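# Commentary on secondary and tertiary structure
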Amino acid sequence: MKAYDFIKSGRVCHPATIFQFILLAAVSCTVIPDEQITDETIPESTRTDCVLTAIAEEPDTKAALGSGNIVKWQEGDAISLISDTDVNDRFILSGGEGTASGTFSGELSNPTLSHIGIFPYNAANICGIGSNVAFWGSEDDGTYIQTATKDGFDPLACVMAGTMDSSNNIAFKNLCSYFKLTVDFPCTSIVITNNASSPLASKSVMFTLDEDGLPVTISSGDLMPESYSVTLVGKEGAEIAPGTYLIAALPQTLSSGFTVSMTSAVNGETYTKRAEKSAKLKRSGILNLGEFSIKFFTGKEFEGSGTKADPYKITTLNDLLRLADLVNGDQHDTYCGKVYAQTRDID
């Protein structure tokens, strides 16, 4: 399908030659408008029954974000039940898949002791005097590098905890917060960096719970943070397709703001926006950063300049539809007769 197949006009518009060209990487930086950044909330009403039955198989740990920002249990989810003696028992989801209330099955080593539940399960999760430690993210990278999941978060980038009551129920509470953003062009990576010297990501989370099971302190459990950034990448080296994504982060106040960088999968150019106003990452909250487009970064409708040496890049269906609107509207003279490069197949 060629870009000009979508252009229908009473005017004569000679289609330009389709010409592909790769630009050298560069960086541009502007500011994210304050009004674009908004807050959302993840409801916290999840109750999990811990049924004392035989342990099932051990699939990967994962969870998903459903409509209304509700975290829903998925097949294969597992939790740690840890007693005062630091015995870490693994419980596997056995009922309630796809809902906010799940039933987990496992074998409890010390049924007479009090227990804290931690999601996701990790053999290294511990409960100690004064604080507890939960591990999240991938084994190698923690949450410093997260896998892009459209309309959700990295399956490993969700950490919750709660106290088991006398009826073997746990009201899990989120220990993390999330950035949310929408991108309308394919990227090789998306990086969010704290403008101050405080880590957004970690391999472990230190936390304490009050007598009602509510988190009262949450911090990185890493003695030496690997960076002050968190990077979103495509699964197994694939690019990040246009869409909406969530990126997990440690709750905190970003007193100096933050910076968002996106590297285009089309030309390798890195686009950067800074939020200079203080922002708060609330526990169990979502900081919605809004939509990011080429025009948002550069002020131009498309990547490129419309010449043979630097054609306008047509990458998505939205680009094609936008091009049709431009050449058939008030900007006909600006965009007709230019050179365009369709960079990939468009369904």
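Since the model is a prediction, treat every value here as computed from it, not as a measurement.

### Topic: the sheet that holds strand β18 (residues 204-209)
Judged by pairing direction, the sheet is antiparallel, and its four strands sit side by side in the order β10-β11-β18-β19 without closing on themselves. Because the sheet does not close on itself, it has two edges, and the strands there are β10 (126-127) and β19 (215-220). Strand direction decides the pairing type here: strand β11 (residues 132-135) and β18, joined by four bridges, are antiparallel. Directly across from Asn 132, in β18, lies its bridge partner Phe 207.

### Re the sheet that holds strand β16 (residues 177-183)
The strand order across the open sheet built from four strands is β2-β26-β16-β21, with neighbouring strands paired in mixed fashion. The two strands at the open ends of the sheet, each matched to only one other strand, are β2 (38-41) and β21 (243-249). Pairs of neighbouring strands in the sheet enclose a mean axial angle of 30°, with direction left out of account. By the bridge criterion, five bridges tie β16 to strand β26 (residues 285-292) in an arrangement that is parallel. Bridging across to β26, Thr 182 finds its partner in Glu 291.

### Description of the pattern of salt bridges
A complete count under the given rule lists three salt bridges for this structure. As a salt-bridge pair, Glu 40 and Lys 180 come within 3.3 Å of each other at their nearest N and O atoms. A residue pair is termed long-range when its members are at least 10 positions apart, and Glu 40 in strand β2 and Lys 180 in strand β16 qualify at 140 residues.

### Re the confidence of the model for the protein
Here the protein averages 79 in pLDDT, and 82% of its residues register 70 or above. Mean pLDDT values over the elements of the protein span from 50, in strand β3 (residues 47-52), up to 97, in strand β20 (residues 229-233).

### Remarks on the packing of aromatic side chains
Using the criterion set out here, one finds six aromatic pairs in the structure. The interplanar angle of 80° and the centroid separation of 5.0 Å between the aromatic rings of Trp 73 and Phe 104 together place this pair among those described as edge-to-face. One end of the pair, Trp 73, is in strand β5 (residues 71-73); the other, Phe 104, is in strand β8 (residues 103-106), and 31 residues separate them in sequence. By the burial criterion, Trp 73 is buried, and Phe 104 matches it. Look at Trp 73 and Phe 119: their rings are 5.3 Å apart centre to centre, the planes differ by 80°, and that puts the pair in the edge-to-face class. Residue Trp 73 is found in strand β5, and its partner Phe 119 is found in strand β9 (residues 115-119); the two are separated by 46 residues along the sequence. By the burial criterion, Trp 73 is buried, and Phe 119 matches it. Ring pairs connect the aromatic residues Trp 73, Phe 104, Phe 119 and Phe 172, which therefore count as one cluster.

### Some words on the pairing of β9
Of all five residues in β9, five are buried, a share of seventy percent or more. Summarising the sheet, strand β6 (residues 78-83) and β9 pair through four bridges and their orientation is antiparallel. Its bridge partner being in β9, Ile 82 is matched across the sheet by Ile 116. Alignment of β9 against strand β13 (residues 160-163), held across four bridges, turns out to be antiparallel. When the sheet's bridge partners are listed, Gly 117 is paired in β13 with Gly 162.

What counts as what
By convention here, each chain's residues receive numbers from 1 onward along its written sequence. This being a predicted model, a pLDDT of at least 70 is required before a residue's local features are given, and a value of 80 or more before pairs of side-chain atoms are given or counted; all residues contribute to the totals for chains, interfaces and linings. By convention in this description, side-chain values take in all heavy atoms of the structure and omit both hydrogens and water. Here, strands pair whenever DSSP counts at least two bridges between them. Numbering goes from the N terminus for both helices and strands, where a helix is a DSSP run of H or I of at least four residues and a strand is a run of E of at least two. Axis angles are defined between N-to-C directions and span 0 to 180 degrees, where every axis is a line fitted to C-alpha atoms and, for a helix, only to the segment in contact. Salt bridge, as used here: a side-chain nitrogen of Lys or Arg that lies within 4 Å of a carboxyl oxygen of Asp or Glu. Residue-level confidence of the predictor, termed pLDDT, takes values from 0 up to 100. Aromatic pairing here means that ring centres of Phe, Tyr or Trp (its six-membered ring) are within 6.5 Å. Orientation follows from the plane angle: under 30 degrees is stacked, over 60 is edge-to-face, and everything else is tilted. Classification of residues uses two cut-offs on accessible area relative to the type maximum, computed with a 1.4 Å probe and protein chains only: under 20% is buried, over 50% is exposed, and between them is partly exposed.

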